[in-house]
Amino acid sequence: MSDLQYTYAVARIRAKEVFLFSAATIDQLLACKTYDNCLQFLAEKGWGDADTPQNAEAVLAKEGEKTWEVVRELVSDMTVFDVLNYPKLFHNLKAAIKEVCTEGNHSSIFYKDTIPSPDEIMDRVRERDFSGLPSMMTEAAAEAFDTLLHTRDGQLCDVIIDRACLDAIYRAGKAARDAIIRNYAESTVAVADIKIAVRSMKTAKSLDFIKRALAECDSLSVDALAHAAMSGMDAIREYLSGTDYAEGADALAESPSAFERWCDNMIIKTIRPQKYNSFSVGPVVAYALARENEIKTVRIILSGKLNGLSDDSIRERVREMYV
Amino acid sequence: MILENLGIVYALLGAALAVLLAGSGSAIGVGIAGQAAAGVVTEDPSKFAKVLIMQLLPGTQGIYGLLVGFITLSKVGLLGGGAAAIDVQTGLLILAACLPIGIAGLISAIYQGKTSAASIGIVAKKPDQFGKAMLFPAMVETYAILALLISILSVTAIQV
């Protein structure tokens, strides 16, 4: 599809970007004294609608729906957005395998808006018809299912599926025509690898486990990162300081929450150049990601207010905004 | 018979190309800018007037092409009802004179349309910067005007 086909969509997104929360708006939200004040503030900003109950989850879910409604209206070929939904899709696979293996029944643990739907995934897993799943999931689904059934090792099952998810994102990025998808995939996989390395180091995992969990990407050496994770936090920081993710090393030194915030900020930095792109699907993808980041940040603030966290500790967790 | 009338054919081809190429460029440019304008108005109808002006900017090349077309037709006498006897050499000269606005009009209108669409993005986010936003597509206009100037000077200078 020619980039010029998105001229209408990009202009509409530009008009919608005016309503994205800036850092100043987030500061105003942070300045609200109570959780209820925050909800009131969000309602004044047009979050939720007349039918949405006045609670955080309902309002945030409504905003997520609104975003994807706009995106679906603007883009006829939604395959461009598949890669953004892979984490949700693989989460549903993980949940389905655990549901079937443990004979549980918790419908609330699934993301509803995926293709294939949670019910379809459940049916395929229940019937052990993994070939009926998308091809990128088939092998990992069978392996994770057998692993969980025979070893009851839920963590290993998660590692297998998470790795398959990262590999799928990486492959989708490599095959993508649009630069934003390529950059998003690379950043997502690299940041996930760094997170895995840090967590594995903290829980003293073996080299084999770390190597099994880390996914290939162009901007990091999986082997070097795995060996750094075996040596300790300083080694990870030292390795990262020589890569594109040097700021991640500083965030790691600061605190775990600063590191988590940096991970999300990396994605926002990756998509930020789309603010100056007037054609192509890039700005639409960036808008969808920016909205998800905004909703996540608001969720962090609301949770902090609800649980009586200090403003400073909430602020430490607040993500950078797209606008 | 055909060879005798080839001069007027070339002259008419020049007028046609001026109108056709510059007009097509404007149609494409206005179309691109129009899509962007529609996108903004969908979200914020109050910006209609501002984005409409932006959309119209790439439309001028079509008018320039029309102007050169008129001058050419008038020059060769087709507007008055009696075509002048034009030799092949003069016909080719008129054709060449019409090309600057035809080609520069086509290319500049398309790029002006793209620049207008980008500037419409500025108006969508910062409507108070309308004046500055309008300057960017207006810059592209310069080269259409230069081409128009040369086409008019050339057509009028040719002795029929």
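Only a predicted model underlies this, so the values are computations on that prediction, with no experimental measurement involved.

Participant: Would you mind going over the overall build of chain A with me for this structure?
Facilitator: For chain A, the count of helices and strands is 16 helices and zero strands. The C-alpha radius of gyration computed for chain A amounts to 20 Å, which stays within 12% of the reference 20 Å derived for 323 residues, consistent with globular compactness. The buried share of chain A, reckoned over its 323 residues, is 40%.

Participant: So what exactly am I meant to see when it comes to the overall build of chain B here?
Facilitator: Helix and strand counts for chain B stand at five helices and zero strands. Each principal axis of the C-alpha distribution contributes one length, and for chain B these read about 60 × 25 × 20 Å. Scored against the burial criterion, the 160 residues of chain B give a buried share of 49%. A sequence separation of at least 24 residues applies to 86% of the contacts in chain B between residues at least 6 apart.

Participant: Would you mind going over the environment of Ala58 of chain A with me for this structure?
Facilitator: Residue and element names in this part refer to chain A. Mapping Ala58 onto the fold places it in helix H4 (residues 56-74). Ala58 gets classed as partly exposed once you count the C-beta atoms within 10 Å, which come to 13. It is 7.6 Å that separates the C-alpha atoms of Ala58 and Gly48, two residues lying ten residues apart in sequence.

Participant: Would you mind going over the packing of helix H7 (residues 135-151) of chain A against helix H8 (residues 154-175) of chain A with me for this structure?
Facilitator: The angle between the axes and the distance between the axes are what describe a pair of packed helices. Residues and elements named next belong to chain A. Direction vectors running N to C along H7 and H8 enclose 175 degrees, while the axes themselves pass 8 Å from each other. Relative to H8, the element H7 is oriented roughly antiparallel. Contacts between H7 and H8 involve Met136, Met137, Ala140, Glu143, Ala144, Thr147, Leu148 and Thr151 from the first element and Gly154, Leu156, Cys157, Ile160, Ile161, Ala164 and Ala168 from the second. Tallied by class, residues from the contact of H7 with H8 come to eleven nonpolar, three polar and one charged.

Participant: What's the story with the interface of chain A and chain B in this structure? I'm lost.
Facilitator: Each partner contributes residues to the interface: chain A has 13 residues there, and chain B has 15 residues. Residue composition of the side of chain A that touches chain B, by class: seven nonpolar, two polar and four charged.

Participant: Would you take a moment to explain unusual backbone geometry for this structure?
Facilitator: For residues besides glycine, phi is generally negative; the peptide bonds are generally trans as well. Residues and elements named next belong to chain A. Here Ile115 and Pro116 are connected by a cis peptide whose omega angle stands at 0 degrees. Phi is positive for Arg152, which is not a glycine, with a value near 60 degrees. The exposed category is assigned to Arg152, around which 11 C-beta atoms lie within 10 Å. The backbone of Ser280 shows a phi angle near 80 degrees, a positive value even though the residue is not glycine. As for its placement among the helices and strands, Ser280 is situated in the loop between helix H14 (256-271) and helix H15 (282-306).

Participant: Sorry if this is basic, but what is going on with the nonpolar core here?
Facilitator: Soluble, globular proteins show a tendency: their nonpolar side chains are buried together. Grouped together as the largest cluster of nonpolar side chains are 98 residues, with contacts concentrated most on Ile169, Ala197 and Val284 of chain A together with Val40 and Ile120 of chain B. No other element matches the twelve residues that helix H9 (residues 179-202) of chain A contributes to this core. Beyond its immediate sequence surroundings of up to four residues, Ile169 of chain A is in contact with Val83, Tyr86, Ala185, Thr188 and Val189 of chain A. Grouped together as the second largest cluster of nonpolar side chains are 28 residues, Ala15, Ala22, Ile86 and Leu148 of chain B included.

Participant: So what exactly am I meant to see when it comes to the environment of Ala33 of chain B here?
Facilitator: All names here are of chain B. Within the fold, Ala33 resides in helix H1 (residues 2-43). A C-alpha to C-alpha distance of 8.9 Å links Ala33 and Leu57, two positions 24 residues apart in sequence. Ignoring sequence-local partners within four residues, the contact set of Ala33 consists of Met54, Gln55, Pro58, Gly113, Ser116, Ala117 and Ile120.

Participant: Which parts of the structure should I look at to understand the environment of Glu43 of chain B?
Facilitator: As for its position among the elements, Glu43 of chain B is in helix H1. For the pair Glu43 of chain B and Ala124 of chain B, spaced 81 residues apart in sequence, the C-alpha to C-alpha distance is 9.1 Å. With residues up to four places along the chain from it excluded, the contact list for Glu43 of chain B reads Arg12, Ala15 and Lys16 of chain A.

Participant: What is the right way to look at the packing of H8 of chain A against H9 of chain A in this model?
Facilitator: All names here are of chain A. One way to put it is that H8 packs onto H9 with a least axis distance of 8 Å and a crossing angle of 155 degrees. The angle between H8 and H9 falls in the class roughly antiparallel. Judged by the sense of rotation from one axis to the other, the crossing of H8 with H9 is left-handed. Note on element contacts: H9 touches H8 through Ile181, Arg182, Tyr184, Ala185, Glu186, Thr188, Val189 and Ala192, opposite Leu166, Ile169, Tyr170, Ala172 and Gly173. Per-class residue counts for the contact of H8 with H9 are nine nonpolar, two polar and two charged.

Participant: How should I be thinking about the confidence of the model for chain A in this particular structure?
Facilitator: Keep in mind that low pLDDT regions are not for reading the predicted coordinates in detail. Mean pLDDT over chain A: 91, with 100% of residues reaching 70 or higher. Within chain A, the element-level pLDDT minimum falls on helix H13 (residues 246-254) of chain A, averaging 87, and the maximum on helix H1 (residues 7-17) of chain A, averaging 96.

Participant: Can you help me understand the domain arrangement of chain A in this one?
Facilitator: A common measure of how large an interface is: the accessible area buried when the components associate. Residue and element names in this part refer to chain A. For chain A, the assigned domains read domain 1 (1-75 + 281-323), domain 2 (82-175) and domain 3 (179-280). Using only C-alpha atoms to locate each centre, domain 1 and domain 3 end up separated by 25 Å. Counting from both sides, the interface comprises 18 residues of domain 1 and, opposite them, 17 residues of domain 3. Mapped onto the side of domain 1 that touches domain 3, the elements with two or more residues apiece are H1, H15 and helix H16 (311-317). Take the side of domain 1 that touches domain 3: its biggest share by element is seven residues, from H15. For the side of domain 1 that touches domain 3, a count of residues per class yields ten nonpolar, three polar and five charged.

Participant: Got a minute to help me understand helix H5 (residues 82-102) of chain A in this structure?
Facilitator: A turn of α-helix holds 3.6 residues, and therefore any two residues three or four places apart point the same way. Residues and elements named next belong to chain A. With 21 residues, H5 extends 29 Å between its outermost C-alpha atoms, agreeing within 8% with the 30 Å of an ideal straight helix rising 1.5 Å per residue. Considering bend angle alone, the principal kink of H5 is centred on Lys88 and spans about 25 degrees. If you check which residues of H5 are buried, you get Val83, Leu84, Tyr86, Leu89, Phe90, Asn92, Leu93, Lys94, Ala95, Ala96, Ile97 and Glu99. Remark: Glu103 follows H5 within two positions and exhibits a positive phi of approximately 55 degrees.

What counts, and where the lines are drawn
- Residues numbered from 1 in each chain as written.
- Chains lettered and ligands numbered in written order.
- Predicted model: local features only at pLDDT ≥ 70, side-chain atom pairs only at ≥ 80, totals over all residues.
- Helix = DSSP H or I, 4+ residues; strand = E, 2+ residues; numbered from the N terminus.
- Rg over C-alpha atoms; globule rule 2.2 N^0.38 Å.
- Buried ≥ 20, exposed ≤ 12 C-beta atoms within 10 Å, placed from the backbone.
- Contact = placed C-beta atoms within 7 Å.
- Axes fitted to C-alpha atoms, helices over the stretch in contact; angles between N-to-C directions.
- Parallel < 35°, antiparallel > 145°, perpendicular 65-115°, else oblique.
- Nonpolar A, V, L, I, M, F, W, Y, C, P; charged D, E, K, R; others polar.
- Core = buried A, V, L, I, M, F, W, Y, C linked by C-beta atoms within 7 Å.
- Left-handed = near helix turned anticlockwise from the far one by under 90°.
- pLDDT = per-residue confidence, 0-100.
- Domains from an automatic or database assignment.
- Expected span 1.5 Å × (residues − 1).
- Bend = angle between axes of the 7 residues up to and from the residue.

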